[in-house]
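# Examination of the molecular architecture
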Amino acid sequence: MSQQEQWRSKIGFILAAAGSAIGLGAIWKFPYVAGTGGGGAFLFIFLAFTLVLGMPLLLGEFMIGRMGQSDPVQTYGKLASKKWNIIGKLGVFTSFVLLSFYSVVGGWIILYIVKTLSGELNGLTQDQYGELFGKIISNPFSVIAAQLVFMLITILVVSQGIQKGIESASKVMMPALVFLFLILVIRSLSLDGAIEGVKFLLVPDFSKLTSESILFALGQAFFTLSLGVSVMLTYASYLPKTQNLPRSAISIIILNIVIALLAGLAIFPGVFSFGIEPDAGPVLIFAVLPAVFEQMPYGMLFFLAFLILFLFAAFTSAFSMIQIIVAAVTKNDPSKRKKSTWVIGILIFIVGVPACLSYGVLANVQFFNKTIFDLMDYAVSNILMPLGALLISIFVSWKISKEDLFNELKQGSNIGYVFFYICYFLLKYIVPIAIIIVFLDAAGLSDWILSFFK
Ligand code: PFF
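Residues numbered from 1 in each chain as written. Predicted model: local features only at pLDDT ≥ 70, side-chain atom pairs only at ≥ 80, totals over all residues. Heavy atoms only, no water.

### Focus on the packing of aromatic side chains
Counting across every chain of the model gives 39 aromatic pairs. For the pair Phe-44 and Phe-206, a centre-to-centre distance of 5.3 Å together with 85° between the ring planes defines the contact as edge-to-face. Highlighted residues: Phe-44 in helix 3 (residues 40–68) and Phe-206 in the loop between helix 9 (194–202) and helix 10 (211–224), separated in sequence by 162 residues. Judged by centre distance (5.2 Å) and plane angle (45°), the ring pair of Phe-293 and Phe-303 falls under tilted. With Phe-293 in helix 13 (residues 284–294) and Phe-303 in helix 14 (residues 299–330), the pair connects residues that are 10 residues apart, well separated along the chain. According to the relative accessible area criterion, Phe-293 is buried, its value standing at 1%. Looking at Lys-370, its charged tip hangs above the ring of Tyr-378, at a distance of 4.5 Å from the centre. If you follow Lys-428 out to its NZ or CZ, it ends over the ring of Trp-398, 4.2 Å from the centre. (Phe/Tyr/Trp six-rings, centres within 6.5 Å; stacked < 30°, edge-to-face > 60°. Helix = DSSP H or I, 4+ residues; strand = E, 2+ residues; numbered from the N terminus. Buried < 20%, exposed > 50% of the residue type's maximum accessible area, 1.4 Å probe, protein only. Lys NZ or Arg CZ within 6 Å of the ring centre and 35° of its normal.)

### Notes on unusual backbone geometry
Positive phi, close to 55°, is recorded for Tyr-298, a residue that is not glycine. The topology assignment puts Tyr-298 in the loop between helix 13 and helix 14. Positive phi, close to 65°, is recorded for Asn-332, a residue that is not glycine. Counting through the fold element by element, Asn-332 comes out in the loop between helix 14 and helix 15 (337–356).

### Thoughts on the packing of helix 16 (residues 372–399) against helix 18 (residues 417–442)
Interhelical geometry of helix 16 versus helix 18 gives an angle of 150° and a closest axis separation of 9 Å. In terms of orientation, helix 16 and helix 18 fall into the roughly antiparallel class. When the axes of helix 16 and helix 18 are compared, the crossing they make is left-handed. Touching Asn-382, Ile-383, Pro-386, Leu-387, Ala-389, Leu-390, Ser-393, Val-396, Ser-397 and Trp-398 of helix 16 are Tyr-424, Leu-427, Lys-428, Tyr-429, Val-431, Pro-432, Ile-435, Ile-436 and Phe-439, all from helix 18. Of the residues contributing to the contact of helix 16 with helix 18, the split by class is 15 nonpolar, three polar and one charged. (Axes fitted to C-alpha atoms, helices over the stretch in contact; angles between N-to-C directions. Parallel < 35°, antiparallel > 145°, perpendicular 65-115°, else oblique. Left-handed = near helix turned anticlockwise from the far one by under 90°. Contact = heavy atoms within 4.5 Å. Nonpolar A, V, L, I, M, F, W, Y, C, P; charged D, E, K, R; others polar.)

Here's what the structure looks like:
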């Protein structure tokens, strides 16, 4: 898309940015990292990070994106000096690695849709759903084919240009997703023993927190809001000055929290009712939800609808990831768009193949006790994204003047100085310090450093 091109409507931008945010992160990943990380305590820390660190960062990316009106790499150089382009390059790299394993999970959803249509998921017991998932994701041919299909659709949509592809469909799909989740939550809550699941998710037991789970909560907060990768910056670069940035940021954050909570409330009652371990990992949603749906009238039909919306949510996030790589490589030149999207998309697919095989033939190839898939996820979510967020917070608050930022934010909104100043303060001091502390803590260095002060 050329720089002159812009979003077709105000709601188009919000839907696309919310579409980038809401995806596998809130629906698939949140329940299982919350399950592994201690339930309620994890949720509490995740919410705190989302509001205190995520909110100012999202606004920060929005402000410099609209200010720079350029691609994700050159925005930094344009607003400061060229060496800062490294933040955008890091984002493009992160996005590349991210999409290569994200598309694997996108492929799993496609396989589930096929299996639901063929009736293979009908009438199984909960254990059988778990086993079936294991079987599905370990078959090398079908997972690779499904990942390829996911990437091909992503490439096709994005190579057409963002407006046609993303804006229109989101208007229907997003509310439909929330609606279906509501039905699912009601169903889940009426299962025997559901209350244990609700307690697990909502009542914090802080003794369960570890340095590692705090790092996961930090990564999760950035992951679900697509922060630290310059995606939100890029989407804001296509904005006119009339868009209300604070309102957009707040709506995206609320929607994202609501979806994550709904996903948690749909899944944990089932987890406890069926006697599954909450820390079962990536299998969680795929093993629990079919069993919850199975017990409803027309359950498999609802499950199919859910999978389609889930896949749509994954696509709108995937579009944003490839979009920034294409924007950076083509420098927003529309004539190069098609070819670059194809080349980049195919490369991402190839890099993703080992991750795709991590649950089957390559399961024993492990580094640091992690499969290739887990390692890529860990590197992106817990290292690269927080690192990107750290650099962006430093860039926005230390390199751009407070007045310029406030002037940018004021355009399109009548936001007061107090709100701005709180966000600015958080961005300048709290965000970088918090990220550094969580990093040091997770690396086991905080005790060592503290010992010098004792
Ligand atoms: N926010 C997306 C999700 O929760 O699924 C993931 C994501 C998209 C992360 C785009 C980063 C990004 F740049």
